[in-house]
Amino acid sequence: MTKVDVLKRMIASAESIVAFTGAGISTESGIPDFRSPGGIWSKYRPIEFGEFLASAEARRESWRRKFATHATLQRATPNAGHRALARLVEQGKMTAVITQNIDGLHQASGVPDDRVIELHGNTTYAACLDCRRRYELDWVREVFAVDERLPVCTACGGHIKTATISFGQSMPEAEMERALAATLAADLFIVLGSSLVVYPAAGFPVLAKRNGARLVIVNREPTEQDDMADLVINAEIGATMSRAVGVN
Ligand SMILES: [Zn+2]
């Protein structure tokens, strides 16, 4: 029996599956891993949240970077890995997709919004930091196109930022709570494309395992938590999951 067959059996016998996804599932859709060597964060120091708040130049620089990488993100579409998870959600077997990704590809693959838990936010739209009103990026770009004018909230005058969690910004409480509840209810926890080094997000697989769930890790490279896992598959996510779930 191959490892994929083992995974297939584990999925078949599970009742409450949670997926935990990282950059590796998105790189298969052509989205660069910003943390990898050669990624944008190895060339530019990240703009921390405090700087964004304090400095207009930092806000301008963050919008410059956003629009420099925006086209790549807009072209990206979900891959077989995303579609396999969407199928499991549709079948009622997968209760939640906890993601470190900010690209919105799980929703684009058909997973309903209320089943996707975004620990690091979402970069496909923006929001007011004070009143949380949502703004579309096309609007921000129109504003910014005129002498790099900074967008401000039309309702409250607050700063507008992509709806992501920046370095130095606290984790979103509601999402952390939802992720915790889903993790504690899981009997099978599948990590896909995360090297499991960024905490507190990387604490969820540990918690699932300690709580009695079976833990599967699918990642191209070994991770920090392989020793704890019931099954480790070092292969492409799309190829692995499409065979395990039976989607194309
Ligand atoms: Zn506002």
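Here the structure is a predicted model, which is why all the values come from computation and not from measurement.

**Q** Kindly report on the pattern of salt bridges, identifying the contributing residues and their values.
**A** Tallied over the entire structure, the rule returns 10 salt bridges. The partner of Arg220 in a salt bridge is Glu236, and the shortest N-O contact between them spans 3.5 Å. Separated by 16 residues along the polypeptide, Arg220 in the loop between β8 (214-218) and β9 (231-233) and Glu236 in the loop between β9 and α11 (237-245) bring together distant segments of the chain. A relative accessible area of 40% means that Glu236 is categorised as partly exposed.

**Q** Requested: an account of helix α6 (residues 80-90), with residues and values cited.
**A** The buried count for α6 comes to eight of 11 residues, which makes it a mostly enclosed element. Taken together, the buried positions of α6 are Ala80, Gly81, His82, Ala84, Leu85, Ala86, Leu88 and Val89. One side-chain oxygen at the N-terminal end of α6 lies 2.7 Å from the backbone nitrogen of Gly81; it belongs to Asn79. Just downstream of α6 lies Gly92, where phi reads positive at about 80°.

**Q** Give me the lowdown on the packing of aromatic side chains, citing residues and values where you can.
**A** Applying the stated rule across the entire model yields four aromatic pairs. With 5.7 Å between their ring centres and 20° between their planes, Trp63 and Phe67 make a pair best called stacked. Here Trp63 and its partner Phe67 are both found in helix α5 (residues 56-75), four residues apart, which amounts to about one turn of the helix. Taken together, the aromatic side chains of Trp63, Phe67 and Phe144 make up a single cluster linked through ring pairs. Of note, Arg134 hangs over the ring of Tyr125, and the distance from its end group to the ring centre comes to 3.9 Å.

**Q** How would you explain the sheet that holds β9 if you had to name every residue and give the values?
**A** If you trace the six strands from one edge of the open sheet to the other, you get β3-β2-β1-β7-β8-β9, paired in parallel fashion. The sheet terminates laterally at β3 (116-118) and β9, the two strands that pair on one side only. Neighbour-to-neighbour, the strand axes of the sheet open up by a mean angle of 15°, direction not taken into account. Pairing between strand β1 (residues 17-21) and strand β7 (residues 188-192): five bridges, direction parallel. By the bridge assignment for β7, Val18 is matched with Phe189. Helix α1 (residues 3-13) contacts β1, β7, β8 and β9 of the sheet and is inclined by roughly 130° relative to β9. Contacts from helix α10 (residues 203-210) reach β1, β7 and β8 within the one sheet, and its direction differs from that of β7 by about 155°.

**Q** Residues and numbers for the sheet that holds strand β5 (residues 134-135), please.
**A** The strand order across the open sheet formed by three strands is β5-β4-β6, and the pairing between neighbours is antiparallel. Each end of this open sheet is capped by a strand with a single partner; those strands are β5 and β6 (160-164). In this structure, strand β4 (residues 121-128) lies alongside β6, joined through five bridges in antiparallel fashion. In the strand pairing of β6, Ala126 is matched with Thr162.

**Q** Any chance you could break down the coordination of the zinc ion for me, citing the residues and the numbers?
**A** In the first shell of the zinc ion, the protein supplies Cys128 (SG), Cys131 (SG), Cys153 (SG) and Cys156 (SG), at 2.3 to 2.4 Å from the metal. One way to put it: the four donor atoms around the zinc ion meet at angles of 98 to 120°, and that makes the site tetrahedral. Motif for the zinc ion, donor spacing along one chain: C-x2-C-x21-C-x2-C. With relative accessibility at 0%, the residue Cys128 sits in the buried group.

**Q** So what about α5? Which residues, and what values?
**A** Relative to the 28 Å expected for 20 residues at 1.5 Å per residue, α5 spans 30 Å between its end C-alpha atoms, a close match to the ideal helical length. Along its length, α5 shows its largest kink, about 40°, at Thr69. Restricting attention to buried positions, one finds in α5 the residues Ala58, Arg59, Ser62, Trp63, Arg65, Lys66, Phe67, His70 and Leu73. On its buried face, α5 sits against α4 (49-54), β4, α8 (137-145) and β6. Capping the start of α5, Ser55 holds a side-chain oxygen 3.2 Å from the backbone nitrogen of Glu57, two or three residues further along.

Conventions we followed
- Residues numbered from 1 in each chain as written.
- Predicted model: local features only at pLDDT ≥ 70, side-chain atom pairs only at ≥ 80, totals over all residues.
- Heavy atoms only, no water.
- Salt bridge = Lys/Arg side-chain N within 4 Å of Asp/Glu carboxyl O.
- Helix = DSSP H or I, 4+ residues; strand = E, 2+ residues; numbered from the N terminus.
- Buried < 20%, exposed > 50% of the residue type's maximum accessible area, 1.4 Å probe, protein only.
- Polar contact = N/O pair within 3.5 Å; in protein donor to acceptor, adjacent residues only side chain to side chain.
- Phe/Tyr/Trp six-rings, centres within 6.5 Å; stacked < 30°, edge-to-face > 60°.
- Lys NZ or Arg CZ within 6 Å of the ring centre and 35° of its normal.
- Pairing = 2+ DSSP bridges.
- Axes fitted to C-alpha atoms, helices over the stretch in contact; angles between N-to-C directions.
- Contact = heavy atoms within 4.5 Å.
- Donors = N, O, S within 2.8 Å, 3.2 Å for Na, K, Ca; no water.
- Tetrahedral: all angles 85-135°; square planar, octahedral: opposite > 155°, others 65-115°.
- Expected span 1.5 Å × (residues − 1).
- Bend = angle between axes of the 7 residues up to and from the residue.

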